[in-house]
Amino acid sequence: VIMQEKESKKIVPWVGVGLILISLFMPYVSVMGFFEVSGFEIIGYVGEVFEAVGDDSGDDSLGDGGGDTDSDDDFSLGAEGWALVVAAILFVLSPLFFLITSITSSIILLMGKSPRIVGIVHLAYVAIFMVAALASPSLEGFSIFSIIGFGFYMGAFSSGALLAK
């Protein structure tokens, strides 16, 4: 009986890894069910953006970037604006982060160890996102939570399974 209990506890983190991977096939962005983007599609879009930024990094055609630094028209986001920026960045990078944590957890599990540390980091990432998203502004009842699909929530909270001993 004790041996079966230990074996079943070793399966729980694998379930978490499986749920994270399955979540990447589900919608991370869902706009009223009409427009949906899966986690793997977001990873592809992020890769394309990083590639485009990398291609332009050596381009000096914009000059020295100097200009009128004493302008009274300085743009400031404020606390809510920065919360929205942080939440958006964390959300866009979340499928990649979830994929990395699932791969890392798989390696740790194959070595016979517990992926609790990875689960804590994964859960901390989600907690930081949630705090930033809750602090971000909403417009006419529309917030960042209005476009988050089921796949994100599934991947985010399956980290609980990684915390099992």
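Notes on the structure follow.

So, how was this worked out
- What you see as residue numbers is a count from 1 along each chain, following the sequence as written.
- Totals for whole chains, interfaces and linings use all residues, but because this is a predicted model, local features are given only for residues with pLDDT of at least 70 and pairs of side-chain atoms are given and counted only at 80 or more.
- Each side-chain value is derived from all of the structure's non-hydrogen atoms; neither hydrogens nor water enter the calculation.
- Helical segments are the DSSP runs of H or I of at least four residues, strand segments are the runs of E of at least two, and each set is numbered from the N terminus.
- The buried label goes to any residue with under 20% of its type's maximum accessible area, the exposed label to any with over 50%, and the partly exposed label to all in between, with areas taken from a 1.4 Å probe on protein chains only.
- Contacts are assigned to residue pairs that have any heavy atoms within 4.5 Å of one another.
- Areas reported here follow the Shrake-Rupley algorithm with a probe of radius 1.4 Å; residue values treat only the protein chains shown as occluding.
- As used in this record, nonpolar core signifies buried Ala, Val, Leu, Ile, Met, Phe, Trp, Tyr and Cys residues forming a set joined through side-chain atoms within 4.5 Å.
- Strand pairing is assigned whenever DSSP identifies at least 2 bridges connecting the two strands.

### Considerations on the overall build of the chain
Move 1: Along the chain, the regular secondary structure elements total six helices and two strands.
Move 2: Reading the helices (α) and strands (β) of the chain from amino to carboxyl end gives α-β-β-α-α-α-α-α.
Move 3: Within the chain, buried positions represent 32% of all 165 residues.
Move 4: Contacts in the chain between residues at least 24 apart in sequence constitute 73% of all its contacts with a sequence separation of at least 6.
Move 5: For the chain, the exposed area adds up to about 10700 Å²; of that, 67% sits on carbon and sulfur atoms.

### Notes on the environment of Ala-135
Move 1: With respect to the secondary-structure elements, Ala-135 resides in helix H4 (residues 116–135).
Move 2: The contacts of Ala-135, once residues within four sequence positions are left out, are Glu-80 and Ala-83.

### Details of the nonpolar core
Move 1: Ranked by internal contacts, the top residues of the largest apolar core, which has 26 residues, are Tyr-28, Ile-42, Ala-87, Phe-91, Phe-98, Phe-129 and Phe-152.
Move 2: Breaking this core down by element, the ones donating at least two residues are helix H1 (2–23), strand E1 (27–31), helix H2 (39–56), helix H3 (78–110), H4 and helix H5 (150–157).
Move 3: Counting residues per element, this core draws most heavily on H3, which supplies seven residues.
Move 4: Apart from residues no more than four positions distant in its own chain, Phe-152 is found in contact with Pro-27, Tyr-28, Phe-91, Ser-94, Phe-98, Phe-129 and Met-130.

### So, the pairing of strand E2 (residues 35–38)
Move 1: Two elements, E1 and E2, share four bridges in a ladder whose sense is antiparallel. Opposite Pro-27, over in E2, you have Ser-38 as the bridge partner.
Move 2: Counting the residues that bridge the hairpin from E1 to E2 gives three residues, and of these Met-32 lies at a positive phi of roughly 50°.

By themselves, these observations are geometric and do not establish any function.
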